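Reading the structure
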Amino acid sequence: KIDESRQPASAKPPTSVTSSEPAVATEPSTSSKEQLDAVASEKAALQDKLRSLQQEAARLGMGRGRGRGRGGMGGPWAARPMMSLDKRPRTLVLRNVGQDAAEQLSSEMAQFGEVENIDKLDDQNDAPFSYAVKYRARWEAEKAMKAIHALDLFANVQVEWDHQ
């Protein structure tokens, strides 16, 4: 048997009150029905808004991360999609390009990324030539700039960014 004196007052079982009148179920009043209807309609409106916001978040590529507490979505070290516009130059200027390198320029530059266009900068017909090579993305142009001197045909080529 449990010692009732050691239990808190809230833990004691309630005593039942007996009444001679039977319990009658009362129907909610009109004002409480209106309140329930108002709450239900507000709940439905909020659920609709939540669904539309979730769809917009999915469209923008925002996942269902934790997003609560300190650090937000995993802190600054978390991998996030890059969604900023890079306005740095994507065009490389190649100077002192020899005849053999000029003939293979398109295929050689394409190995570093998608080339949008290649323009000859001077009108001379004799080597050395100068070319402007425009890549689709900055990182592709950076890759070409770092690796171009490793190619035998481009060993003596001068490479710089076109800042136009």
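Residues numbered from 1 in each chain as written. Predicted model: local features only at pLDDT ≥ 70, side-chain atom pairs only at ≥ 80, totals over all residues. Heavy atoms only, no water.

**With respect to the side chain of Glu-140**
With respect to the helices and strands, the residue Glu-140 is situated in helix 4 (residues 138–147). According to the relative accessible area criterion, Glu-140 is buried, its value standing at 5%. A polar contact is formed between the side chain of Glu-140 and the backbone nitrogen of Ala-137, at a distance of 3.2 Å. If near-sequence neighbours (up to four positions away) are discounted, Glu-140 is found in contact with Phe-112, Gly-113, Glu-114 and Tyr-135. (Helix = DSSP H or I, 4+ residues; strand = E, 2+ residues; numbered from the N terminus. Buried < 20%, exposed > 50% of the residue type's maximum accessible area, 1.4 Å probe, protein only. Polar contact = N/O pair within 3.5 Å; in protein donor to acceptor, adjacent residues only side chain to side chain. Contact = heavy atoms within 4.5 Å.)

**As for unusual backbone geometry**
Unlike most non-glycine residues, Asn-96 shows phi in positive territory, near 70 degrees. Mapped onto the elements, Asn-96 comes out in strand 1 (residues 91–97).

**Comments concerning helix 1 (residues 30–59)**
Here helix 1 contains 30 residues, and its C-alpha end-to-end distance of 44 Å stays within 8% of the 44 Å for a straight helix at 1.5 Å per residue. Downstream of helix 1 by a residue or two, Gly-61 has a phi angle that is positive, lying close to 85 degrees. (Expected span 1.5 Å × (residues − 1).)

**With respect to the sheet that holds strand 1**
Taken together, 4 strands build an open sheet; the order of strands is 2-3-1-4 and the sheet is antiparallel. Each having just a single partner strand, strand 2 (115–120) and strand 4 (158–161) make up the two edges of the open sheet. Taken pair by pair, the neighbouring strands of this sheet meet at an average axis angle of 20 degrees, ignoring direction. Bridge count between strand 1 and strand 4: 4 bridges; the pairing is antiparallel. Paired with Leu-94 across the strands is Val-159, a residue of strand 4. (Pairing = 2+ DSSP bridges. Axes fitted to C-alpha atoms, helices over the stretch in contact; angles between N-to-C directions.)

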